[in-house]
Amino acid sequence: MGEGDSTAYYPSSSSPHSSYISRFWSSALRTKTPTSSLPYDASCRTVSGDALVRRLGLFDLILIGVGASIGAGIFVVTGTVARDAGPGVTISFILAGASCVLNALCYAELASRFPAVVGGAYLYTYTAFNELTAFLVFAQLMLDYHIGAASIARSLASYVVAILELFPFFTDIPRWIGHGGEEFLGGALSINILAPILLVLLTIILCRGVGESSAVNCFMTVTKVVIVLFVIIVGAFKVDVSNWSPFAPNGFKAILTGATVVFFAYVGFDAVANSAEESKRPQRDLPIGIMGSLLVCIMLYIGVCLVITGMVPYKLLGEDAPLAEAFTSKGLKYVSILISIGAVAGLTTTLLVGLYVQSRLYLGLGRDGLLPAVFARVHPKYHSPLHSQIWVGIVASILAGLFNIHVLSHILSVGTLTGYSVVAACVVTLRWNDKTASQVSPRWTSAWQEGVICLLIIAGCGFSAGLFYRIGASFVFLLAAALIAVLASIALYSRQVYVNPPGFSCPGVPIVPALSIFFNIFLFAQLHYEAWVRFVVLSLISIGIYAFYGQYHANPLSSNETIIYHRVPAAAGQ
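Residues numbered from 1 in each chain as written. Predicted model: local features only at pLDDT ≥ 70, side-chain atom pairs only at ≥ 80, totals over all residues. Heavy atoms only, no water.

1. Overview of the overall build of the protein
The cut-off we apply is this: Numbering of helices and strands runs from the N terminus; a helix is a DSSP stretch of H or I covering at least four residues, while a strand is a stretch of E covering at least two. Buried, partly exposed and exposed residues are distinguished by accessible area as a fraction of the type maximum, computed with a 1.4 Å probe on protein chains only: under 20%, between the cut-offs, and over 50%, respectively. A contact between two residues is defined here by any heavy atoms of the two lying within 4.5 Å. Accessible surface is estimated by sampling points in the Shrake-Rupley manner with a 1.4 Å probe; for residues, cover comes only from the protein chains shown.
Scanning the protein from N- to C-terminus turns up 20 helices and 4 strands. Going through the 574 residues of the protein one by one, you find that 56% of them count as buried. Here the analysis covers contacts within the protein between residues at least 6 apart in sequence; of these, 84% occur between residues at least 24 apart. Roughly 23,400 Å² of accessible area belongs to the protein as shown, and the carbon and sulfur atoms make up 69% of that amount.

Right, here's the structure in full:
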């Protein structure tokens, strides 16, 4: 963006004598107005003059969601949570799944509303709120993605080594190659060689384009799902229904605590929303892909929960590999090998989709000028954001190869919960008739501001309820926080004018988004205190980056430019 263009984006601060703070706020409060009314096959020009290719069908989108959500955790977390919740872990997964359905409904509406442009939660926040909030959401999400990719790469390396050690000529493989890592400097550094190698291989696949990476994801995800179904079917014949009694040995609180833990097992369906620019029929397929992938995951998790708690009494479940140990105890050791293969396939797809999503987010910010233009370049032959993809692979490889991921994992999930909450808030604010008109016009503030205050109250009540639950406070405090949130939701419902969006419509607005925000922030309060510190520190760093770079280079009107989408030939798209 040239110097001469900058005044076009500072309508309130065109005078050369305007103060720095005034210009900062005028920039920070800008919003993006994507041309969502245009048909999805119209397009937006990238820096290189090329764009992404529309190659993904509905089945591909569902597999992206399933691939991102179900990793090795389905074979581990189901059993580890069952040790505390008992057979009631099934209810834990149902409750967590129901909460994720609320989030998925919000994502589905916005994916249908803005089907033609990459950006996901960042794009929605830029449109509904402002530029600075969108940049903060991106920063929190991206740190989660970077650390998550490194952590998954380490787990994948460990499983690959475990499979290799089944062969006689691969014995006593050193820890620094794949099992954990060789630690230095008191554990702050942890060397691992195989994890970066795996990341490089997946990055090369992604750089080749969405067609190749989608084919790999399809094969691996189908393999994973087939193995999970096989495990459920074989295990069903070994179930002893007496093991399901008592169903909730440690009461409902253990089930609820289990739900807060397993919630993160469903995270990943939002990856579908970031495939908007590569979907053949985004307005129709994105909402179905988001909801369909989540429902598949819920059913698979429930099936594994019922099998594992029915095969072995919950008290006898192992900690590291509960499902594999359960089958071994029944004389079905070959199933344990299949579980390891399924874990490798699961981790591969989760890592592949995670790297894919990160590059598309960088692409979106590069186009908008909030990051250097190099991130916005799309390769003219492969139609992939090559520079963004390579950058994402480099960051993940450095983290996976050098740092103690176990320590970094304590600050995970902040971005996910923040992103989900903001997306839910976006659904509400974008439904309001406009930012000035409403049924009720209070004198002290605008209707739009009043609605945002109600959303903040709901979020604050969710955090308070989460803290009360965490410290074991009286139930009265939890009830009071919930009651205030209900009153704020009623105010949202009665004091705002809502319009129906084009495409898919989230039901029960504003109640469904309000419930989503409340539970997401409730979970936020359950995270390690280091995660709260990370949220504050990263927010301050992000504001600094925006103040010194983003506000001067951002171009919120970029989505109004003409984009040229490349579609696969009709025969290839069938």
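From this point, the narrative continues.
2. Side note on the pattern of salt bridges
Put simply, the rule reads: Any Lys or Arg side-chain nitrogen located within 4 Å of an Asp or Glu carboxyl oxygen qualifies as a salt bridge.
Counted by the stated rule, this structure contains 9 salt bridges. Note that Arg534 and Asp144 form a salt bridge whose closest N and O atoms lie 2.7 Å from each other. Of this pair, Arg534 sits in helix α19 (residues 529-553) while Asp144 sits in helix α6 (residues 131-164), and the two are 390 residues apart along the sequence. Assigned by exposure class, Arg534 and Asp144 land together as buried. A cluster of three or more residues bridged by salt bridges with shared partners is formed by Arg281, Arg284 and Asp285.

3. Digging into a nonpolar patch on the surface
Counted only if it meets this: Each patch is built from residues that are more than 30% exposed by relative accessible area and take part in no salt bridge. Like charges join if they lie within 9 Å; nonpolar side chains (Val, Leu, Ile, Met, Phe, Trp, Tyr) join within 5 Å.
Residues Leu166, Phe167, Phe169, Phe170, Ile337 and Ile341 make up a contiguous nonpolar surface patch of roughly 610 Å² in combined accessible area. Locating Phe169 in the fold gives a position in the loop between α6 and β2 (182-184).

4. Comments concerning helix α9 (residues 251-262)
Residues separated by three or four positions in an α-helix point in the same direction, a consequence of the helix having 3.6 residues per turn. Defined as follows: Expected span of a helix: the number of residues minus one, times 1.5 Å.
The end-to-end C-alpha separation of α9 is 17 Å, in line with the 16 Å expected for 12 residues at 1.5 Å each. Restricting attention to buried positions, one finds in α9 the residues Ala254, Ile255, Gly258, Ala259, Thr260 and Val262. Buried residues belonging to α9 abut α3 (73-85), α4 (89-113) and α18 (511-524).

5. Considering the packing of α6 against helix α7 (residues 194-207)
When two helices pack together, their arrangement is given by the angle between the helix axes and the distance between those axes. Stated precisely, the cut-off is as follows: Helix axes are fitted to C-alpha atoms over the stretch in contact, other axes to C-alpha atoms as well, and angles between N-to-C directions run from 0 to 180 degrees. Angular relationships are summarised with four words: roughly parallel below 35 degrees, roughly antiparallel beyond 145, roughly perpendicular across 65 to 115, and oblique for the angles in between. Polar here means any residue other than Ala, Val, Leu, Ile, Met, Phe, Trp, Tyr, Cys and Pro, which are nonpolar, and Asp, Glu, Lys and Arg, which are charged; Gly is therefore polar.
Following both chains from N to C, one finds α6 and α7 inclined at 105 degrees, their axes separated by 8 Å at the closest point. Considering their axes alone, α6 and α7 lie roughly perpendicular with respect to each other. Taking contact as the criterion, the partners of Ala153, Arg154, Leu156, Ala157, Val160 and Val161 in α6 are, on α7, Leu194, Ala195, Leu198 and Leu199. Class assignment of the residues belonging to the contact of α6 with α7 gives a composition of 9 nonpolar, no polar and 1 charged.

6. Here we look at the confidence of the model for the protein
The condition is simple: In predicted models, pLDDT denotes the confidence assigned by the predictor to each residue on a 0 to 100 scale.
In this model, the protein carries an average pLDDT of 86, and 87% of its residues clear a pLDDT of 70 or more. Scored below 50 in pLDDT, residues 1-14 shows 21 contacts in the model against residues more than four places distant or in partner chains. Here residues 36-49 is a poorly scored stretch, pLDDT under 50, and it has 38 contacts once near neighbours within four places are set aside; other chains count.

7. Let's talk about the environment of Cys218
Positionally, Cys218 belongs in helix α8 (residues 210-236). Relative accessible area serves as the criterion here: at 23%, Cys218 is assigned to the partly exposed category. Separated by 154 residues in the primary sequence, Cys218 and Ile64 have C-alpha atoms spaced 7.9 Å apart.

8. Quick notes on the environment of Tyr498
Quick note on the threshold: Polar contacts, as used here, are pairs of N or O atoms within 3.5 Å; protein pairs need one atom able to donate a hydrogen and one able to accept it. Residues neighboring in sequence count only if both atoms are side-chain atoms.
Structurally, Tyr498 is set in the loop between α17 (475-494) and α18. Each C-alpha atom of the pair Tyr498 and Pro510 lies 8.9 Å from the other, and the pair is 12 residues apart in sequence. Discounting residues that sit within four places of it in the chain, Tyr498 has contacts with Val428, Arg431, Trp432, Leu492, Tyr493, Val509 and Pro510. A polar contact of 3.3 Å, which involves the side chain of Tyr498, links it to the side chain of Trp432.

9. Quick notes on the packing of helix α11 (residues 322-329) against helix α12 (residues 333-368)
Defined as follows: Less than a right angle of anticlockwise turn of the near helix away from the far helix marks a crossing as left-handed, whereas a clockwise turn marks it as right-handed.
Relative to each other, α11 and α12 sit at 160 degrees, their axes nearing to 7 Å. Here α11 lies roughly antiparallel to α12, going by the angle between them. Considering only the axes of α11 and α12, their crossing is right-handed. The segment α11 lies against α12, with Leu323, Ala324, Phe327 and Thr328 engaging Lys333, Val335, Ser336 and Ile339.

10. Comments concerning α11
If you check which residues of α11 are buried, you get Pro322, Leu323, Ala324, Ala326 and Phe327. Summarising the contacts, the buried residues of α11 are in contact with α3, α8, α10 (282-311) and α12. Positioned one or two residues after α11, Gly331 has a phi angle of 75 degrees, which is positive.

11. Points about the packing of aromatic side chains
Two aromatic rings are characterised by how far apart their centres lie and by the angle between their planes. To be explicit about the condition: To pair, rings of Phe, Tyr and Trp, with the six-membered ring standing in for Trp, must have centres within 6.5 Å; the planes then decide the type, stacked if under 30 degrees apart, edge-to-face if over 60, and tilted in the middle.
One pass over the full model with this rule turns up 27 aromatic pairs. Ring geometry for Phe375 versus Trp391: centroids 6.2 Å apart, planes at 70 degrees, classification edge-to-face. Placement of the pair is Phe375 in the loop between α12 and α13 (386-402) and Trp391 in helix α13, with a sequence separation of 16 residues. Summarising the aromatic geometry, the rings of Phe519 and Phe522 are spaced 6.0 Å apart at their centres and angled 10 degrees between planes, so their arrangement reads as stacked. Taken together, the residues span about one helical turn, with Phe519 and Phe522 both in helix α18 at a distance of 3 residues. On the basis of relative accessible area, Phe519 is assigned to the buried category, the value being 18%.

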